[in-house]
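Fold and contact review
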Amino acid sequence: MSTIPSIRARAAGLRRQQLLDAAAALVLKRGTAALTLDAVAEAAHVSKGGLLYYFDSKNSLLEALADYLAEQLQIEVEREAAGGSLAKAYLQVVSRMGQLPKDQQVFKALTIICTAQPELAGRVRARLHLSPSDNLSGETPLEELHLRLVADGMWLADLFSCYEISPEQRAALLQKLGAA
């Protein structure tokens, strides 16, 4: 008997994730202004009522999306770090993101969301545990800060297409910074 509720909970979690993935894709393609409950429902192939079961407003959807994307970024950075430097792992994850097609750079939706809804930036900061105090590899706080600033600069350069960073340049930069 306990299997049925766990199957339902797992299905609900997958549906919620599907809705959030559809919302992230819409944010990347058209920005938060075009993110409506109708557009998300259509993109996720669910009824608006089905969407409203999980998110009762655009704001609750944006809050959940910011939490979800920050959590996914955190998980990926921690997986990459595997007990090593979180700053190096963050740089590696960001470097890989920039090589994806624009519509697949879902973590960049965090920037778009927080720009449109500045009050969500605090939620994202609270979810991301990338502080220098988490340093596991013995690097100094200044080295950690340097790696994080390089990663953030790369993130913004990719987001705004300031200039193209080739895969070779990314690899050379990671090598130079000891994050290859």
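Residues numbered from 1 in each chain as written. Predicted model: local features only at pLDDT ≥ 70, side-chain atom pairs only at ≥ 80, totals over all residues. Heavy atoms only, no water.

A word on the overall build of the chain. Per the secondary structure count, the chain includes nine helices and zero strands. Along the chain direction, N to C, the helices and strands of the chain fall in the order α-α-α-α-α-α-α-α-α. For the C-alpha atoms alone, the extent of the chain along its principal axes is close to 50 × 40 × 30 Å. The buried share of the chain, taken over its 180 residues, is 41%. Within the chain, contacts between residues separated by at least 24 positions form 68% of all contacts whose residues are at least 6 apart in sequence. (Helix = DSSP H or I, 4+ residues; strand = E, 2+ residues; numbered from the N terminus. Buried < 20%, exposed > 50% of the residue type's maximum accessible area, 1.4 Å probe, protein only. Contact = heavy atoms within 4.5 Å.)

The subject of this paragraph is the layout of surface pockets. To find leftover empty space, a probe the size of one water molecule is rolled over the atoms. Of the voids in this model, the largest pocket is the one considered here, and its volume is about 380 Å³. The set of elements that each furnish at least two residues to the lining of the largest pocket consists of α6 (108-116), α7 (120-127) and α8 (141-159). In the lining of the largest pocket, the residues fall into nine nonpolar, one polar and two charged. (1 Å grid on protein atoms, 1.4 Å probe; cavity = no way out; pocket = protein on both sides within 12 Å on 5 of 7 lines; lining within 4 Å. Points joined across faces, edges and corners; volume = space filled by probe spheres on them. Nonpolar A, V, L, I, M, F, W, Y, C, P; charged D, E, K, R; others polar.)

Of the positions making up helix α2 (residues 37-44), those classed as buried are L37, A39, V40, A41 and A44. With its phi angle positive at about 60 degrees, H45 sits one or two positions after the end of α2.

Time to look at the confidence of the model for the chain. Looking at the chain as a whole, the pLDDT averages 87, with 92% of positions reaching at least 70. The least confident element of the chain, judged by mean pLDDT, is α7 at 85; the most confident is α2 at 95. (pLDDT = per-residue confidence, 0-100.)

Of note, T111 is situated in helix α6. Sequence-wise, T111 and A66 are 45 residues apart; in three dimensions their C-alpha atoms are separated by 9.4 Å. If near-sequence neighbours (up to four positions away) are discounted, T111 is found in contact with W155 and L159. Only 2.9 Å separates the side chain of T111 from the side chain of W155, close enough to count as a polar contact. (Polar contact = N/O pair within 3.5 Å; in protein donor to acceptor, adjacent residues only side chain to side chain.)

Another point: the pattern of salt bridges. If you walk through the whole model with that rule in mind, you get seven salt bridges. A salt bridge links D67 to R123; the nearest nitrogen and oxygen atoms lie 2.5 Å apart. Taken together, the residues D67 in helix α4 (residues 58-81) and R123 in helix α7 connect sequence positions 56 residues apart. Looking at D67, the relative accessible area reads 16%, which means it is buried. Accessibility expressed as a relative area gives 31% for R123, which makes it partly exposed. Two residues, D158 and R170, come together in a salt bridge whose shortest N-O distance is 2.7 Å. Here the residue D158 occupies a position in helix α8, and R170 occupies one in helix α9 (residues 167-176), the gap between them amounting to 12 residues. (Salt bridge = Lys/Arg side-chain N within 4 Å of Asp/Glu carboxyl O.)

Below, the discussion takes up the nonpolar core. Counting 53 residues, the largest nonpolar core has L65 and L73 as its most contacted members. Those elements that place two or more of their residues in this core are α1 (3-30), α2, α4, α5 (86-97), α6, α7 and α8. It is α4 that provides the largest number of residues to this core, a total of 11 residues. What L65 contacts, discounting residues up to four positions off in sequence, is L20, A23, A24, V27 and I113. (Core = buried A, V, L, I, M, F, W, Y, C linked by side-chain atoms within 4.5 Å.)

Right, let's talk about the environment of A22 for a bit. With respect to the secondary-structure elements, A22 resides in helix α1. For the pair A22 and A126, spaced 104 residues apart in sequence, the C-alpha separation works out to 24 Å. Those residues in contact with A22 that lie beyond four places of it in its chain are V40, A43 and A44.

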